[in-house]
Each structure stands twice: as C-alpha cells, then as structure tokens.
Amino acid sequence: MLHWLRAQNVALLRDVSLEFEAGLNVVTGETGVGKSVLLEALGLILGGRGRTQLVGPLTDRAVVEAGFTSPEAGTSDRERFRALAEEAGIPAEDGDVVIRRELRLAPGRRSISNRTTVNGTAVPVAVLRALGLILAEIYSQGEYLALLQPGAARETVDEAGGHAPLRREVAAAFQALRAREAERDALQERLTDAAVRRTGMEQALDEIERAAPQPGETEDLLEERRTLGHAEQLAGRLESAYQALYGSESAAGAQLAVALRALEEAGAIDPRTVGLLDGRPDLLVEVEDLAAAVRDRRDSVRAAPERLAAIEDRLVVLRGLERRHAGGAGGADALLERAAEIRGALAELTDEAEERRRAVGAAAAEAARYREWAASLHTARKAAAEALAREVQGELAGLGIPRARFSIGMESLSEESGAGEAAGTGHFTEHGLDRVQFLFSASAEMAPAPIGEVASGGESSRFFLALKATGAGKEGAATLVFDEADTGTSGRIADAVGRRLRRLAASHQVVSVTHLPQVAALGRTHLVVEKLESGDAVRVRTLDGDARIEEIARMLAGPVITDSARTHASQLLSGADAEAPGGETGGFVPEPAGR
C-alpha cells in the first residue's frame, strides 16, 4: 500500500508532500491545474520514463520519494518482491519500502540521468520498474499502464480461470524441454567441432594403415641400411677375420692344430701333460665353427643398390608420417601407437553421435509433453477468456460505455518453420503457446483493437475498472490508481463508477483522479490539487470537514459557489455510504459526512 509521496521540483510541484490512506483516495482539482503531474510523479516512482520536462525550474534536478508497505506475507507478489529484492541486494525486511528517484539534467537541459534507490540501495530503473509493477498499478494511458504490460492480459485470464496448477505443469515441461535441448545442443556443438578433427583423424589413420608400419621396423631398416652402405668394408673385414681364423697356414686354426698335436705327443711322454686339456672345450672345433660362421657371413654380404634404395624410400615414408602424425619422432612404433589413439578417438565420436541421437529423441519427447500441457492450458484459457469477456462487457454498459465492444484475443503461437530437430520449439515459453490481448472498441461500428491503441485515458480507466469489478486481478498490486475513470459520465453512470471504485477499495487501496462530485464524495480520503496565486506552481492538500464540502460544491457549481451547491455537496457526503440503486454499497463502515 502507498503511504506517502513527496515531490520536489517535479514540473509544477515545487515541494509537495501528501499522505494516502487505505480505501478510496480521491484527487480533485480544476481542469488544467496539473492533476496529471501527480500521476507522473507516482509513475517515476514505479519506474516510468523520466523526461526532461519533468524537471522544474528551481534547480537542475527533480526528486520523488514514496513510502509503501511491502506485499503481504503468503502472497505470490510477496515472493516475487523478495526474489527481486534479493537479486538486487535490497534489504527486504517486513515493513516499509522507501523509494527515491532523482532526475538530474545534463548541461543544456537536453538529457537526464537517473539516481534511484530502494531502501537506501542503488538500483537500475529496470529493477525499479519490475518492483513497481508489484507495488502499484496505474490505469491510464501511456507507459505506466500496468495491464498493458507484456503478458498482463494472459496473467489476468489465468488468474480468473484458476490456471495456476496448469501453469506449473507447463512451466515444468518447458524447463525440462530446455534442459534436454541444452544437452542435445551441447553434444551437437561438440560433434560440429569434432567434424573437422574427424576428417583429419580419418585421413591420418588411412595414411598410417596404408603404410602398414611394423613393430621395430624403423630400427631394423636403419641397421640394414648401415650394413648395405658399408658392404665392401664389411666383406673385407670378414675376409680378414676368416683368413686369421682358418684361411692360411699361419691362421689361428692351423696353429691351434699344431699346438694340439704337440700336446698330444707330450702326453705320450708325460702323463701329467695329458691332464692339461682335461675339462677344456674342443678348441679346434670352436675355432672351425667360428671360421665357418665368419665365412658364411662374408659370403652373404653383397652390394645391393636396389635394396638400399628401397630402404631409403621406406624410411622417407615412415619419417614423413612421423612428422605429420607422431610429433616427428618414435619411428614405426610411435605410428602404431598413434593409430591406436585415433581409433579410440573415432570410437568416442561414434559414441557421442549415438548419445546425441538419444538426446534428440529425449528432446522430442519433452517437446511433445510440453505441447500436450500447453494445449490443455490453451483450452482452459479460451473458456476463461470467453467467460471473463462476457462479464466485462456487461460491466462496461453500467459504466457509461453502452456501445463498447470487448473481447479477449487469443493467438496461438504458430510452430516456427525451418529444418532440423530444433524447429518448432524456439517460440515455446514457460507460460504456454498463447498470445493474449485485450481488444476494445468504444463503438459498435468499429472492430475491437488492442486497447492500448484505441482507448482514451478515461476509457482505459473505465475498462480496467470494469475488469477489476468482475473480480479479475484479485492478486494484483495492493494499490490501484485510476485516471479519470468517470470521464464523459454524469448522473447515474457517474455514481455507478464511484460505487465500483469504492467496492474495489474494500480489497485494495484505490487512488482515483476525478472531476465528478458524485465520485469525489465517495472517497475516504480527499486530496485537492490547486494552483498557487503566482500561477507557476501547484500545491496538494488533504481536505476534510467544511473544506471538503467547499471543494465538492465547487465541482457542482463551478467558480461561483452557491449555498445550494454547498447543501447538495453535504447531501452527497452524507449519502456516500447509503445503498446505491441496484444494491451496490461502498463496502465501508459509514463515516461522518465531513469526511
């Protein structure tokens, strides 16, 4: 609830402080005096657009402050308010909410800057606007109009139809769908990033497999190349070794044979000499075997330029593959290891592709589940919208717009065209698949159109008064502000407007700017906007007693107030709590006529 408002240097408001009470608060004043400035000041507090024209002539800044009671515990507004406050770092203790907004002009008065605080914490205007929609609703033309905000018509229909359980199911299905789509898209992103890598890996694996390296092949080739590259030298060394072992009379084998025969002859003379060879190998056989092995190796060594060229070609192939795929080292074994790694990586990509296919299926299932719940919500909304439209249509006739046409447009968000598994879900929202609009025409000859585009300020106020009179929006803001909802009415219709305002004030704090005495007399609190004698500023006063009678008499008679007008004003105040034609009452405990 709004408790107080202070405006300093806001257009014509030099320094104005006023208090509001529970119930119906009426604001009156002569035409053109500046009653709308109060709404602009309140609009600034609720996050409305700041304009350079709102900064008065006294200084280069305008300041508006207001005190509210935070939403009641246990309500959805309370939870929304606390969540917003917590996110913005605003102290959200029970009790008053104090908002301060300062508009400061830049040099040249061509632009302004904003300084906004809530309970002493600086916040952006966007946060203030979100909080403002919870604290108060203004029914007028322009950006402050709460029920013309995006989604407001949908929320009103859902509240009227009691769709909260369906809404929760739709929201849960929406969140589940988006989670599955996020998983699917993350896998797709990985697969897309891996597509280039897959091509490279497949090419690398194909090159390695076509080369068919063998374990230890590089080392074997290098050894063979060394051998073939020094074939003549090797053959010469082996020949020399063979000659030294067995190829001449002076060779080791021949000399060893001489030595053995000499020992054998010595053994015939000296038995102890025979024992010198006991336990020793047959040395001559060993030398002969070694000489044979050297000879065979010598005979196998031949110059083979074709084989040497083939070895060089093979090493070039292997080393090229090493540089491209194995870090330039490691030989054939490194290539075999890299091939194994690539096969493993390709297998993982195949697994991810299969995982993505499963994710696509899961997302499609969640989308189907979402559509089922959204379709159920759409059906319920359609029925609720039709019922609410009939009720509002009936109220409009009683509020002086008998030829008005009202309907609630429901446009289903069509499935988006396009290819791919994600097509058709980009327009899904946690609120369902409906775009809901209030459609209005003040004349039977004109087709209804979005109310914000065709209704005047008074028509907008009366329309939303009719909407509230049906009971729609019970869970809305605690403070409702109507801008001249009685415009174009008089007599019985004016009284009906006032009675509905007062009936609404039984459950909400209502602030109504009015120019009709019948409505003003029904107020619990009466504020009047007056120009100062200088004419370049206004003041706002709270009226009671004779001052209130005098203001209502002025509204009845004009500038020249007569005793008859004063008597009529007293009668209006005295009858404010009496039952109106049709059985409507104000819904308050009767108050003294002076109020």
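Up top you'll find the structure we're talking about.
Residues numbered from 1 in each chain as written. Predicted model: local features only at pLDDT ≥ 70, side-chain atom pairs only at ≥ 80, totals over all residues. Heavy atoms only, no water.

A word on the side chain of His 526
Along the polypeptide, His 526 turns up in strand 14 (residues 525–531). Polar contacts involving the side chain of His 526 include one to the side chain of Arg 548, which spans 3.1 Å. Contacts of His 526, omitting those with residues within four sequence positions, involve Val 26, Thr 28, Ala 520, Arg 541, Thr 542, Leu 543, Arg 548, Glu 551 and Ile 552. (Helix = DSSP H or I, 4+ residues; strand = E, 2+ residues; numbered from the N terminus. Polar contact = N/O pair within 3.5 Å; in protein donor to acceptor, adjacent residues only side chain to side chain. Contact = heavy atoms within 4.5 Å.)

Describing empty space enclosed by the protein
Under the definition given, this model contains three cavities of 30 Å³ or more. Taken as a whole, the largest cavity holds about 80 Å³ of empty space. Among the elements of the structure, strand 1 (2–10), helix 1 (35–45) and strand 13 (509–513) are those that each provide at least two residues to the lining of the largest cavity. In terms of residue count, helix 1 provides more of the lining of the largest cavity than any other element does, four residues in total. For the lining of the largest cavity, the class distribution of residues is ten nonpolar, no polar and one charged. (1 Å grid on protein atoms, 1.4 Å probe; cavity = no way out; pocket = protein on both sides within 12 Å on 5 of 7 lines; lining within 4 Å. Points joined across faces, edges and corners; volume = space filled by probe spheres on them. Nonpolar A, V, L, I, M, F, W, Y, C, P; charged D, E, K, R; others polar.)

Some words on the environment of Val 528
Tracing the backbone through its elements, the reader meets Val 528 in strand 14. The class for Val 528 is buried, based on a relative accessible area of 1%. C-alpha of Val 528 to C-alpha of Glu 30: the two residues are 498 residues apart in sequence and 9.0 Å apart in space. With residues up to four places along the chain from it excluded, the contact list for Val 528 reads Thr 28, Gly 29, Arg 539, Val 540, Arg 541, Leu 543 and Glu 551. (Buried < 20%, exposed > 50% of the residue type's maximum accessible area, 1.4 Å probe, protein only.)

Focus: helix 15 (residues 491–504)
An ideal rise of 1.5 Å per residue puts 20 Å on 14 residues; helix 15 measures up with 20 Å between its terminal C-alpha atoms. A large share of helix 15 lies buried, amounting to eleven of its 14 residues. Those residues of helix 15 not exposed but buried are Ile 493, Ala 494, Asp 495, Ala 496, Val 497, Gly 498, Arg 499, Arg 500, Leu 501, Arg 502 and Leu 504. (Expected span 1.5 Å × (residues − 1).)

Describing the layout of surface pockets
In this structure, the second largest pocket encloses a volume near 420 Å³. Together, 20 residues line the second largest pocket, and Glu 72, Gly 476, Ala 477, Ala 478 and Ser 507 are the ones closest to its centre. Breaking the lining of the second largest pocket down by element, the ones donating at least two residues are helix 2 (76–88) and helix 3 (125–135). Taken together, the residues of the lining of the second largest pocket break down into eight nonpolar, eight polar and four charged.

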